[in-house]
2 protein chains.
Amino acid sequence: MLDCAIVGGGPAGLSAGLYATRGGLKNVVMYEMGMPGGQITQSSEIENYPGIFREDPSLTGMELMEPWPKQCMHFGLKHEMKEVKGISKDGDYFTINLGSEKVQSKTVIVATGSTPKRAGFKGEDKFLGRGVSTCATCDGFFYKDKEVAVLGGGDTALEEAIYLSNICSKVYVIHRRDKFRAAPPTVERVEKNPKIELILNASVDEVFGDAMGVSGVKVLFNDGKEPMELKVPGLFVFVGNNVNNGVLKQEDGNFLCEVNEQGQVVVDLNMKSSVAGLFVAGDLRIDAPKQVVCAASDGAIAGMQALHYIQENEEL
Amino acid sequence: MLDCAIVGGGPAGLSAGLYATRGGLKNVVMYEMGMPGGQITQSSEIENYPGIFREDPSLTGMELMEPWPKQCMHFGLKHEMKEVKGISKDGDYFTINLGSEKVQSKTVIVATGSTPKRAGFKGEDKFLGRGVSTCATCDGFFYKDKEVAVLGGGDTALEEAIYLSNICSKVYVIHRRDKFRAAPPTVERVEKNPKIELILNASVDEVFGDAMGVSGVKVLFNDGKEPMELKVPGLFVFVGNNVNNGVLKQEDGNFLCEVNEQGQVVVDLNMKSSVAGLFVAGDLRIDAPKQVVCAASDGAIAGMQALHYIQENEEL
């Protein structure tokens, strides 16, 4: 019987493990198939994790996350490279389905995050984290006073374009239709913004560049108009987000706990889900700010709350 | 006119400044009378800030916070060593009262924290952060398999004593009465806990030790019984907490925004208070976990939300 099972090994899962073990829980296992560290390890630069800052060259996501597993293991966190297929609760305890075996746990912290959807153009994977970005808050500042492009037409795409317009000299918004799905007030703000130029009925065919990163974007038009090249060092892609909530799906098709329309788990300030003993941390939850420091905080809170839950329910 | 006024220069205030300025806000001022860094700079050891870990010797709170101001200033945060007397909102804008002058701001982030009350025994200030602690989650692990004492009889004192019993070999709870103010189920758990020993009708007269830290606690009894010495290296003091909400008090005696019975500001997951444009981060808010990483996350969220608020309200 585990005291706490942690699903996911990014900043939220690691920080949950740190706080749960350092707080005195004995059997705490973090399930993560790959190397711990999470999505941020794909970033070539991070300069907004408070307290860790290197100007030139900037810290990479890999460098940022390198010390985390050691810190957690020091206090007793165990890492198992096993895939969690599902989580269920029967009576007081949770069952973690690992396919070939099943493990019981008193508490569970789910920190499986979310994954930005790929748009599918040439060079997208190659330049991800080196000119192709999925987060304006994270990477916008690296293009201060430069021109950038945004791909997408939903609320996130347009809100991020407005955000970028505060930092960058110009923002091209590339959208495959001539109308936006975003909320009308947001569309209006974009249309009135002198720094934003709309490129409609268009798609990205390719990003190109060299070892230094992206140098431009090739744009195709739906109506067969002559393709266009934008000489920009950055392309922000916002074409949707997959919430990694699969482990919470039950056999009957429902989720183990309450989720919203986007599939994000509903939590309170204590990272409690609607099911006692089940906590959720990081990008999987509602209102997730999608920042390393926020995921780490969520994990810390979930770790402390898991401990508190066990102390309050001594019969466990 | 400021874009954002930040009140308080601990981890929450600094992180708010980092995110607000890096996100593109131009006029962002952090008001903090002393050196930025906050309460944690008084701690002799910190090992649970995710990603920053040094085993021997442990990192001090001062060392942890040392790089933060530089990181924030790099993106344009301004620090003014002025005391904020009060904050009010008239129409769309906030007024920051600095005594000799008044400044207007579009948004405000309050991160003034809370201050643990002192019990008043000899040596309390001298050994604070070197054996006298006000946070079990922060410092409990430093006393792994050792004996410690807790001073206090409220919910926090007893919950923290239970927390410490998971880590320490023994926990003495010193309380000035023979009954506890804490919730009955908590009292029952303490009474049944084999690692907790109650010392009732008693008070702490003095903590003593040397340059290495605390070596013991002198306990006096109300009934004149012979004083007692506990040979413990750690004393946890939980005799109440002052929420630093003074800047939110209005002339009519009410608070600018909704607060709970303890005076903590009510916020949602986005650190929004009940007043548009006013955000609260760190130990001043409800359910504050009182951890550096959590305060930093709150600040990051508040900084992003302040930016978002200005973008959504272009008339500002």
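Note that the structure is predicted; figures quoted are calculated from it, not measured.

A.B. asks: Residue-level account of the pattern of salt bridges, with values.
C.D. replies: Applying the stated criterion to the full structure yields 26 salt bridges over all chains. Note that Glu312(A) and Arg189(B) form a salt bridge whose closest N and O atoms lie 2.9 Å from each other. Of this pair, Glu312(A) sits in helix H7 (residues 292-312) while Arg189(B) is found in helix H6 (residues 184-192), placing the two residues in two different chains. Of the charged contacts, one joins Asp205(B) and Lys218(B) as a salt bridge, the two residues approaching to 3.8 Å between their closest N and O atoms. In this pair, Asp205(B) is assigned in strand S12 (residues 202-210) and Lys218(B) in strand S13 (residues 213-221), connecting sequence segments 13 residues apart. Three or more residues are tied together by salt bridges with common partners; here these are Glu80(A), Lys82(A) and Glu101(A).

A.B. asks: Can you tell me about the interface of chain A and chain B, naming the residues and giving the values?
C.D. replies: Counting from both sides, the interface comprises 53 residues of chain A and, opposite them, 53 residues of chain B. Buried surface at the junction of chain A and chain B, summed over both partners, amounts to about 4900 Å²; 56% is from carbon and sulfur atoms. Taken together, the connections running from chain A to chain B amount to 24 residue pairs in polar contact (both at pLDDT 80 or more). Within the residue set of the side of chain A that touches chain B, elements represented by two or more residues are helix H1 (11-22), helix H3 (68-74), helix H4 (136-139), helix H5 (155-165), helix H6 (184-192) and H7 of chain A. Tallied by class, residues from the side of chain A that touches chain B come to 27 nonpolar, 14 polar and 12 charged.

A.B. asks: Lay out the relation of the copies chain A and chain B with the relevant residues and their values.
C.D. replies: Overlaying chain A with chain B gives an RMSD of 0.0 Å, the required rotation being 180° about an axis along which the chain moves by 0.0 Å. Put plainly, the chains are arranged around a two-fold axis. Interface overlap between copies is the fraction of interface residues in one copy that are interface residues in the other; for chain A against chain B it reaches 100%, indicating a shared surface.

A.B. asks: Go over the sheet that holds strand S13 (residues 213-221) of chain A, please, and point to the residues and values.
C.D. replies: Residues and elements named next belong to chain A. With antiparallel pairing, the three strands of this open sheet are ordered in space as S12-S13-S14. Edge strands, defined here as strands with exactly one partner in the open sheet, are strand S12 (202-210) and strand S14 (228-230). Strand-to-strand twist across the sheet, computed as the mean angle between neighbouring axes with direction ignored, equals 25°. Direction of pairing for S13 relative to S14: antiparallel, over a ladder of three bridges.

A.B. asks: Can you explain the state of the cysteines? Please cite residues and give values.
C.D. replies: Tallying each qualifying case throughout the model produces two disulfides over all chains. With its sulfur 2.2 Å from that of its partner, Cys135(A) forms a disulfide with Cys138(A). In this structure, the disulfide formed by Cys135(A) and Cys138(A) twists by about 75° around the S-S bond and is classed as right-handed. With no disulfide of its own, Cys168(B) has Cys135(B) as its nearest cysteine by sulfur position, at a separation of 13 Å. Classification of Cys168(B) by relative accessible area gives buried; the value is 0%. Between Cys294(B), a free cysteine, and Cys138(B), which holds the nearest cysteine sulfur, the sulfur-to-sulfur gap is 9.8 Å.

A.B. asks: Please set out the packing of aromatic side chains residue by residue, giving values where relevant.
C.D. replies: Following the criterion strictly, the structure yields 13 aromatic pairs over all chains and no others. Pairing Tyr143(A) with Phe236(A) gives two aromatic rings, centres 5.8 Å apart and planes at 85°, and the pair type is edge-to-face. Of this pair, Tyr143(A) sits in the loop between H4 and strand S9 (147-151) while Phe236(A) sits in strand S15 (residues 234-237); the two residues are 93 residues apart in sequence, bridging distant segments of the chain. Like Phe236(A), Tyr143(A) is buried. A cation over an aromatic ring shows up here: Lys225(B) above the ring of Phe221(B), its NZ or CZ 4.4 Å from the ring centre.

A.B. asks: Could you give me a rundown of the sheet that holds S12(B), with the residues and numbers involved?
C.D. replies: Residue and element names in this part refer to chain B. Strands sit in the order S12-S13-S14 across an open sheet of three strands; the sheet is antiparallel. Two strands bound the open sheet, and with one partner strand each, they are S12 and strand S14 (228-230). Between one strand axis and the next, the sheet turns through 25° on average, direction left out of account.

A.B. asks: So, the side chain of Ser273(A): which residues are in play, and what are the values?
C.D. replies: Residue and element names in this part refer to chain A. Position of Ser 273 relative to the elements: it lies in the loop between strand S16 (241-243) and strand S17 (278-280). Here Val 275 takes part through its backbone nitrogen, which lies 3.1 Å from a polar atom of the side chain of Ser 273. Here the side chain of Ser 273 touches Leu 278 through a polar contact of 2.8 Å, landing on its backbone oxygen. Here Ser 273 is in contact with Cys 257, Val 265, Val 266, Val 267 and Leu 278, once residues within four sequence places are set aside.

A.B. asks: Before we move on, could you go through unusual backbone geometry and cite the residues and values that matter?
C.D. replies: At the junction of Asp56(A) and Pro57(A), the peptide bond is cis and its omega measures out at 0° in the coordinates. Take Pro57(A): it is sitting in the loop between strand S2 (28-31) and helix H2 (61-65). Positive phi is not limited to glycine here, since Asp287(B) has a value of about 55°.

A.B. asks: Please give an account of H1(A) that cites residues and values.
C.D. replies: Taking 1.5 Å per residue, 12 residues should reach 16 Å; H1(A) reaches 16 Å between its end C-alpha atoms and fits that length. Along H1(A), the residues that are buried comprise Pro11(A), Ala12(A), Gly13(A), Leu14(A), Ser15(A), Ala16(A), Gly17(A), Leu18(A), Tyr19(A), Ala20(A), Thr21(A) and Arg22(A).

A.B. asks: Give a detailed account of the pairing of strand S2 (residues 28-31) of chain B, specifying residues and quantitative values.
C.D. replies: All names here are of chain B. Of the two faces of S2, the one carrying Val 28 and Met 30 and the one carrying Val 29 and Tyr 31 are both buried. Relative to S2, strand S1 (residues 2-7) is paired through four bridges, and the arrangement is parallel. Directly across from Val 7, in S2, lies its bridge partner Tyr 31. With helix H1 (residues 11-22) bridging S1 and the parallel S2, this β-α-β connection has right-handed handedness. Here three bridges tie S2 to strand S3 (residues 78-80), and the two strands are oriented parallel to one another. Counterpart to Val 29 in the pairing with S3 is Lys 78.

A.B. asks: Give a description of empty space enclosed by the protein that names residues and reports values.
C.D. replies: A complete count under the given rule lists three cavities of 30 Å³ or more for this structure. There is about 70 Å³ of room inside the largest cavity. Sorting the residues of the lining of the largest cavity by element identifies H7 of chain A together with helix H7 (292-312) of chain B as the ones contributing at least two each. Taken together, the residues of the lining of the largest cavity break down into six nonpolar, two polar and four charged.

A.B. asks: Describe the environment of Leu235(B), listing the residues and the values that go with them.
C.D. replies: All names here are of chain B. Within the secondary structure, Leu 235 is located in strand S15 (residues 235-237). With 151 residues separating them along the chain, Leu 235 and Val 84 place their C-alpha atoms 34 Å apart. Discounting chain neighbours no more than four positions away, the residues touching Leu 235 are Phe 121, Gly 131, Val 132, Ser 133, Ala 149, Val 150, Leu 151, Val 204, Val 207 and Val 217.

A.B. asks: Outline the pairing of strand S5 (residues 93-97) of chain A, listing residues and values.
C.D. replies: Note on strand geometry: in a regular strand, side chains alternate between the two faces of the sheet. Residues and elements named next belong to chain A. Note that strand S4 (residues 86-90) and S5 share five bridges and pair antiparallel. Residue pairing across strands places Asp 90 opposite Tyr 93, the latter belonging to S5. Linking S4 back to S5 in an antiparallel pair, the connection comprises two residues, with Gly 91 at a positive phi of about 70°. With four bridges joining them, S5 and strand S6 (residues 102-110) adopt antiparallel strand pairing. Pairing of Thr 95 across the sheet is with Gln 104, part of S6.

What counts and how
- Residues numbered from 1 in each chain as written.
- Chains lettered and ligands numbered in written order.
- Predicted model: local features only at pLDDT ≥ 70, side-chain atom pairs only at ≥ 80, totals over all residues.
- Heavy atoms only, no water.
- Salt bridge = Lys/Arg side-chain N within 4 Å of Asp/Glu carboxyl O.
- Helix = DSSP H or I, 4+ residues; strand = E, 2+ residues; numbered from the N terminus.
- Contact = heavy atoms within 4.5 Å.
- Buried area = accessible area lost by both parts, 1.4 Å probe.
- Polar contact = N/O pair within 3.5 Å; in protein donor to acceptor, adjacent residues only side chain to side chain.
- Nonpolar A, V, L, I, M, F, W, Y, C, P; charged D, E, K, R; others polar.
- Least-squares fit on C-alpha atoms with pLDDT ≥ 70 in both.
- Pairing = 2+ DSSP bridges.
- Axes fitted to C-alpha atoms, helices over the stretch in contact; angles between N-to-C directions.
- Disulfide = S-S within 2.5 Å.
- Buried < 20%, exposed > 50% of the residue type's maximum accessible area, 1.4 Å probe, protein only.
- Phe/Tyr/Trp six-rings, centres within 6.5 Å; stacked < 30°, edge-to-face > 60°.
- Lys NZ or Arg CZ within 6 Å of the ring centre and 35° of its normal.
- Expected span 1.5 Å × (residues − 1).
- Right-handed = clockwise from strand over helix to strand, strands pointing away.
- 1 Å grid on protein atoms, 1.4 Å probe; cavity = no way out; pocket = protein on both sides within 12 Å on 5 of 7 lines; lining within 4 Å.
- Points joined across faces, edges and corners; volume = space filled by probe spheres on them.

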